[in-house]
Amino acid sequence: MAEITIPAADGVSPVMREQLRDVLAQVTCGELDAGSCPVRDVMDRIGDKWSSLLLMALGARPHRFGELKRAVPDISQRMLTQTLRDLQADGLISRHVFATVPPSVEYRLTAMGGSLLGPLMELMAWADRHHAAIKAARAAFLTAQAAEV
């Protein structure tokens, strides 16, 4: 099998290039089934429209359901319920029921969910720093596409 070479790129360290080379080697030689890729599996969940917002809210402190609904006002009740179940199934949050009348439920990050906050905050900071440039690139792309028609 031919050696995979990852050229130098701005912002990509030699260690990151080596890791990327290893992942690509697994994928291209069939060792890693792309359909069950662990990175894709996790990123699909935490990269959806609502999960990162809910994780960040729970990173500040535990919340009850209604508090989370107010923290993310444009999420539907059904979507909030489903996303919380998915995050709980992945072990990123825990659900605690209190024996009150009526019963109250509180959601909080697990240790694994807490370990995700640092990388998630870095990604959000990156998005914030580059948002204007991304919007400008999108606009330039659409303008160029319109000019081609």
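The structure this text deals with has already been given above.
To start, this report covers the structure provided alongside it.

All right, on to the side chain of serine 51 then. Among the structural elements, serine 51 can be located in helix α3 (residues 51-60). In this structure, serine 51 is in contact with Arg45, Ile46, Thr83 and Leu87, ignoring residues within four places of it in sequence.

Bringing the packing of α3 against helix α6 (residues 111-148) into the picture now. Running from N to C, α3 and α6 point in directions that differ by 120°, and their axes come no closer than 11 Å. Taken together, α3 and α6 sit at an angle that is classed as oblique. Where α3 crosses over α6, the two elements pack in a sense that is left-handed. Between α3 and α6, the contacting residues are Ser52, Leu55, Met56 and Gly59 on the first element and Leu116, Leu117, Leu120, Met121 and Met124 on the second. For the contact of α3 with α6, a count of residues per class yields seven nonpolar, two polar and no charged.

Another aspect to go through is the pattern of salt bridges. Counted by the stated rule, this structure contains three salt bridges. Note that glutamate 67 is salt-bridged to arginine 61, the shortest N-O span being 3.5 Å. A residue is classified by how much of its surface remains accessible, and arginine 61, at 41% relative accessible area, is partly exposed. A salt bridge links arginine 108 to glutamate 106; its shortest N-O distance comes to 2.5 Å. Given the relative accessible area of 29%, arginine 108 is considered partly exposed. Taking relative accessible area as the criterion, glutamate 106 reaches 18% and is therefore assigned buried.

Bringing the nonpolar core into the picture now. Leu54, Leu55, Leu68, Leu84, Ile93 and Tyr107 are the most contacted members of the largest nonpolar core, which has 20 residues in total. Broken down by secondary-structure element, the contributors of at least two residues to this core are α3, α5 (77-89), β3 (104-109) and α6. Of all the elements, α3 adds the most residues to this core, at four residues. Contact partners of tyrosine 107, with chain neighbours within four places excluded, come to Leu58, Pro62, His63, Phe65, Leu68, Leu84, Ile93, Ser94 and Arg95.

Each value, and the rule that gives it
- Residues numbered from 1 in each chain as written.
- Predicted model: local features only at pLDDT ≥ 70, side-chain atom pairs only at ≥ 80, totals over all residues.
- Heavy atoms only, no water.
- Helix = DSSP H or I, 4+ residues; strand = E, 2+ residues; numbered from the N terminus.
- Contact = heavy atoms within 4.5 Å.
- Axes fitted to C-alpha atoms, helices over the stretch in contact; angles between N-to-C directions.
- Parallel < 35°, antiparallel > 145°, perpendicular 65-115°, else oblique.
- Left-handed = near helix turned anticlockwise from the far one by under 90°.
- Nonpolar A, V, L, I, M, F, W, Y, C, P; charged D, E, K, R; others polar.
- Salt bridge = Lys/Arg side-chain N within 4 Å of Asp/Glu carboxyl O.
- Buried < 20%, exposed > 50% of the residue type's maximum accessible area, 1.4 Å probe, protein only.
- Core = buried A, V, L, I, M, F, W, Y, C linked by side-chain atoms within 4.5 Å.

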